[in-house]
Amino acid sequence: MARQKLRQKDDKHEHCYIRDGKLALPYQYFAGRVGSRFLIALRDKKQILGVKCEKCNRVFVPPRQRCERCMEDLSDSWVELSDTGELTNYTVVNYEDKHLPRKPPYILAMIKLGGADTPLPHILEGIEPGKVELGMKVKAVFADETTNTILDVDHFEPV
Amino acid sequence: MGKRVAVCAVEQTGFFTNLWQKRFQEMAFDIVEPIIRKTGVTFDMATGIRNIITCSDDVFDARTISDNAMTDAVGAHYRGEEKVTMDGINAIGYGLACVLSGHDDIILIVGHCKESQSESRDMVTNLAFDPFYYRPLGLDFKNVAALQARAYMNKSGVTDEHLAKVVVNSRKNAALNPAANARELLTEEQVLKSPMTCDPIRLLHEYPVSDGAVAMLLVCEERASEFTDKPVWISGFANCMDSYFLGDKDLVGNFSLKKAAERAYRKAGVKNPAEEFDLVEVNDCFAYQTPMWLEGLGLCGEGKGSALIDGGGLKTCNVNKSGGMLAGNPLMIGGLARAAEAVIQLRGEAGDRQVEGAKKALAHGTTGAAGQFHSVLVLDSE
Ligand SMILES: [Zn+2]
């Protein structure tokens, strides 16, 4: 690794040096029992699962163990969601950054899948940004290779 | 009425796009020192500050439990110190509890953030999301705000033109505030022509990358006069949390803001928020949030944000005389900076931007993506 140098940003400030560094930390994230089932179903069966709170009559995706409203245990109340849904919101991401999954411009959308009550954010492709309309029907396109995350759906595209 | 707590001093560094030549510890000390000098407060364990509340973010500081690295700068050596890792306005609520519980007479609050140190603050806020469902999609506080902006604009009739007016107003006010970061005046046309970074959010709708720090001294009612002849009283504080997952919440419902406001107003005896405040400081990271938060705070009717802007309400209601977060405060202390402005105004020390005769002020803070969490503070000069 090249040795990092101290550098001065300008000569107006005496004895003021900075060093370039990086926050980087390999890490393991436990998906949780509920999250694990969701991710395995997504990866192996190309199924998108939600969990239903019978008390609140709401189907949540991403899944979670407890309903945030009534704390009911939802870990065995699986519902299979449709892989198509309705676009409820979107933005055209027009800036570039390392954490973004695509080069700009790309569309970040909120999609309410059939059977779910909560829209899921995801990438929308296969349509010009200017032609996107709220309410349009979109369908999940699954990724060829798994990342064991929501990106096992590679993106959504218009039906 | 129960016992009261006063804000007896406030200091801020001023806000800058890149304070690279200051360590965060020095930023903190720069504002702690004048508080000591001006109020005569000491760190004596019997009569002075025994407990300090800091506010910062570990990722922005690139250091785990980063407050451990600044005990000397805030006078916490051999004293109590706790850190708030939410907007620093919540440190005021925390300090209030310390004093009202009788554990402390005096609390020093010090909040700081240097957004400029990271290559990208959007990368920092991307880390606020879970690692399986949202983070891999590149969600950050900007693109999530864009989703909320579209939903709000669709619902409220707030347009791109309204947002340009919001930004122009912010800059007009900031020009009179020596502490503000973005102080250059702008025209509506300049805002309307600035690039769409994440539609409907334009570059000039975003608060600029900012560095800075804010400190405050809270004191119990019995001892406030030892430190100032212009105490500002905390008459109501509340906060409220909404869902973590963006899809779970009504993006335009302002649910948590309404709940926080309701509780703060009840405690402060505010019956008609639209009429009672002499000035209002809202934590607007993006231009659409100014009218949206004003609606949630009950300062105009539901869906009346556009009418308020059209009717010149930003000016007549003295909204964000500091310039607001839009004029540049870092994340973590946007709300604390709002409270600082409110205190400065109620002390009559706001110079060219002073609201004459200001007696009652509202300061608002928000933390998290698209206003997940809101805090509301009511302050009185009497
Ligand atoms: Zn429930």
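Residues numbered from 1 in each chain as written. Chains lettered and ligands numbered in written order. Predicted model: local features only at pLDDT ≥ 70, side-chain atom pairs only at ≥ 80, totals over all residues. Heavy atoms only, no water.

S.K.: Looking at this structure, I do not really get the overall build of chain B. What am I missing?
M.R.: Counting its secondary structure elements, chain B contains 13 helices and 11 strands. For chain B, the C-alpha radius of gyration of 19 Å lies close to 21 Å, the compact-globule estimate for 382 residues. Here the C-alpha coordinates of chain B stretch approximately 55 × 45 × 40 Å along the principal axes. Taking all 382 residues of chain B together, 67% fall into the buried category. Residue pairs in contact within chain B that sit at least 24 positions apart in sequence constitute 77% of those at least 6 positions apart. Carbon and sulfur atoms make up 53% of the accessible area of chain B, which amounts to about 13300 Å² in all. Of the side chains in chain B, 39 bear a positive and 50 a negative charge, and the two mean positions are spaced by 2 Å. (Helix = DSSP H or I, 4+ residues; strand = E, 2+ residues; numbered from the N terminus. Rg over C-alpha atoms; globule rule 2.2 N^0.38 Å. Buried < 20%, exposed > 50% of the residue type's maximum accessible area, 1.4 Å probe, protein only. Contact = heavy atoms within 4.5 Å. Areas by Shrake-Rupley, 256 points an atom, 1.4 Å probe, with all protein chains shown as cover. Lys, Arg positive; Asp, Glu negative; His and termini not counted. Charge placed at Lys NZ, Arg CZ, Asp CG, Glu CD.)

S.K.: Teacher, can you tell me more about the packing of helix 5 (residues 141-156) of chain B against helix 10 (residues 289-296) of chain B here?
M.R.: In a packed pair of helices, the relevant descriptors are the angle between the two axes and the axis-to-axis distance. Residue and element names in this part refer to chain B. Where helix 5 meets helix 10, the axes come as close as 10 Å, and the angle between the chain directions of the two elements is 65 degrees. Pair helix 5 / helix 10 crosses with left-handed handedness. Of helix 10, the residues touching helix 5 (which contributes Gln148, Tyr152 and Ser156) are Gln289, Pro291, Met292, Trp293 and Glu295. Residue composition of the contact of helix 5 with helix 10, grouped by class: 4 nonpolar, 3 polar and 1 charged. (Axes fitted to C-alpha atoms, helices over the stretch in contact; angles between N-to-C directions. Left-handed = near helix turned anticlockwise from the far one by under 90°. Nonpolar A, V, L, I, M, F, W, Y, C, P; charged D, E, K, R; others polar.)

S.K.: Where do I start with the interface of chain B and chain A in this structure?
M.R.: Residue-level contacts link 38 residues of chain B with 44 residues of chain A. Counting the surface lost from both chain B and chain A, the interface buries some 3400 Å², and carbon and sulfur atoms represent 62% of this. Scanning the region where chain B abuts chain A turns up 2 salt bridges. Our enumeration of links across chain B and chain A arrives at 16 residue pairs in polar contact (both at pLDDT 80 or more). Looking at the side of chain B that touches chain A, the elements with two or more residues in it are helix 4 (121-126), helix 5 and strand 5 (196-198) of chain B. No other element matches the 7 residues that helix 5 of chain B contributes to the side of chain B that touches chain A. (Buried area = accessible area lost by both parts, 1.4 Å probe. Salt bridge = Lys/Arg side-chain N within 4 Å of Asp/Glu carboxyl O. Polar contact = N/O pair within 3.5 Å; in protein donor to acceptor, adjacent residues only side chain to side chain.)

S.K.: Teacher, can you tell me more about the coordination of the zinc ion here?
M.R.: A four-donor tetrahedral metal ideally has 109.5 degree angles, and a six-donor octahedral metal ideally has angles of 90 or 180 degrees. Residues and elements named next belong to chain A. Binding of the zinc ion to the protein goes through Cys53 (SG), Cys56 (SG), Cys67 (SG) and Cys70 (SG), at separations of 2.3 Å. Geometry at the zinc ion is tetrahedral, judged from the 4 donor atoms that bind it and their angles of 100 to 113 degrees at the metal. Read N to C, the donor residues that coordinate the zinc ion are spaced as C-x2-C-x10-C-x2-C. Remark: Cys70 occurs in the loop between strand 4 (58-60) and strand 5 (78-81) and Cys53 occurs in strand 3 (residues 48-53); sequence separation between them is 17 residues. Its relative accessible area of 0% is what places Cys53 among the buried residues. (Donors = N, O, S within 2.8 Å, 3.2 Å for Na, K, Ca; no water. Tetrahedral: all angles 85-135°; square planar, octahedral: opposite > 155°, others 65-115°.)

S.K.: Sorry if this is basic, but what is going on with the confidence of the model for chain B here?
M.R.: Detailed reading of the predicted model is not advised wherever pLDDT is low. Mean pLDDT for chain B: 97, with 99% of residues reaching 70 or above. For this predicted complex, the interface score ipTM comes out at 0.96, alongside a pTM of 0.97. (pLDDT = per-residue confidence, 0-100.)

S.K.: I would appreciate a short explanation of the sheet that holds strand 4 of chain A in the present structure.
M.R.: Adjacent strands of a sheet pair through backbone hydrogen bonds, lying either parallel or antiparallel. Residue and element names in this part refer to chain A. Spatially, 4-3-5 is the arrangement adopted by the 3 strands of the open sheet, whose pairing is antiparallel. The open sheet has two edge strands with one neighbour each: strand 4 and strand 5. Each strand axis lies, on average, 40 degrees off the axis of its neighbour in the sheet, ignoring direction. For strand 3 and strand 5, the ladder comprises 4 bridges, and the chain directions are antiparallel. Pairing of Gly50 across the sheet is with Val79, part of strand 5. Along the sheet face, helix 1 (residues 33-45) touches strand 3 and strand 5 and points at about 145 degrees away from the line of strand 3. (Pairing = 2+ DSSP bridges.)

S.K.: What exactly am I supposed to notice about the packing of aromatic side chains here?
M.R.: Between two aromatic rings, the relevant description is the distance of the centres plus the angle of the planes. Counted according to the given criterion, the structure contains 11 aromatic pairs over all chains. Each ring, one from Tyr29(A) and one from Phe132(B), has its centre 6.4 Å from the other, and the planes form 75 degrees; the classification is edge-to-face. Residue Tyr29(A) is located in the loop between strand 2 (18-19) and helix 1, and its partner Phe132(B) is located in the loop between helix 4 and helix 5; the two belong to separate chains. Owing to a relative accessible area of 41%, Tyr29(A) belongs among the partly exposed residues under this scheme. Their ring planes at 55 degrees and their centres at 5.5 Å tell us that Tyr244(B) and Phe245(B) sit as a pair that is tilted. You can call Tyr244(B) partly exposed: its relative accessible area is 39%. Judged by its relative accessible area of 12%, Phe245(B) is buried. Aromatic ring contacts, followed pair by pair, group Tyr27(A), Tyr29(A), Phe38(A), Phe129(B), Phe132(B), Tyr133(B), Tyr134(B), Phe141(B), Tyr244(B) and Phe245(B) into a single cluster. Between Arg121(B) and the ring centre of Tyr207(B), over which it is positioned, the NZ or CZ distance is 3.7 Å. Across from the ring centre of Tyr90(A), 3.8 Å away, lies the NZ or CZ of Arg150(B), which sits over that ring. (Phe/Tyr/Trp six-rings, centres within 6.5 Å; stacked < 30°, edge-to-face > 60°. Lys NZ or Arg CZ within 6 Å of the ring centre and 35° of its normal.)

S.K.: Please clarify how the pairing of strand 2 (residues 51-55) of chain B should be interpreted in this entry.
M.R.: The side chains of a regular strand alternate between the sheet's two faces. All names here are of chain B. Where burial is concerned, most of strand 2 is hidden: 5 out of the 5 residues are buried. Residues Asn51, Ile53 and Cys55 point to one face of strand 2 and Ile52 and Thr54 to the other, with burial holding for every one of them. Sheet analysis places strand 2 next to strand 3 (residues 80-84), joined by 5 bridges and oriented parallel. Across the sheet, residue Cys55 finds its bridge partner in strand 3, namely Val84. By the bridge criterion, 5 bridges tie strand 2 to strand 4 (residues 106-114) in an arrangement that is parallel. By the bridge assignment, Thr54 is partnered in strand 4 with Val110.

S.K.: Hey, could you run me through helix 13 (residues 334-346) of chain B in this one?
M.R.: Note on helix geometry: an α-helix contains 3.6 residues per turn, so any two residues three or four positions apart are oriented the same way. Residues and elements named next belong to chain B. In this model, helix 13 (13 residues) spans 19 Å end to end at C-alpha, consistent with the 18 Å of a helix rising 1.5 Å per residue. Most of helix 13 is tucked away: 13 of the 13 residues are buried. Among the residues trailing helix 13, Gly348 stands out with phi positive, at a value near 75 degrees. (Expected span 1.5 Å × (residues − 1).)

S.K.: I'm lost on the pairing of strand 6 (residues 84-93) of chain A in this one. Help?
M.R.: All names here are of chain A. Most of strand 6 sits inside the fold, with 7 of its 10 residues counted as buried. Of the strand pairs in this sheet, strand 6 and strand 9 (residues 137-142) are connected by 3 bridges, and their pairing is antiparallel. When the sheet's bridge partners are listed, Thr84 is paired in strand 9 with Lys139.

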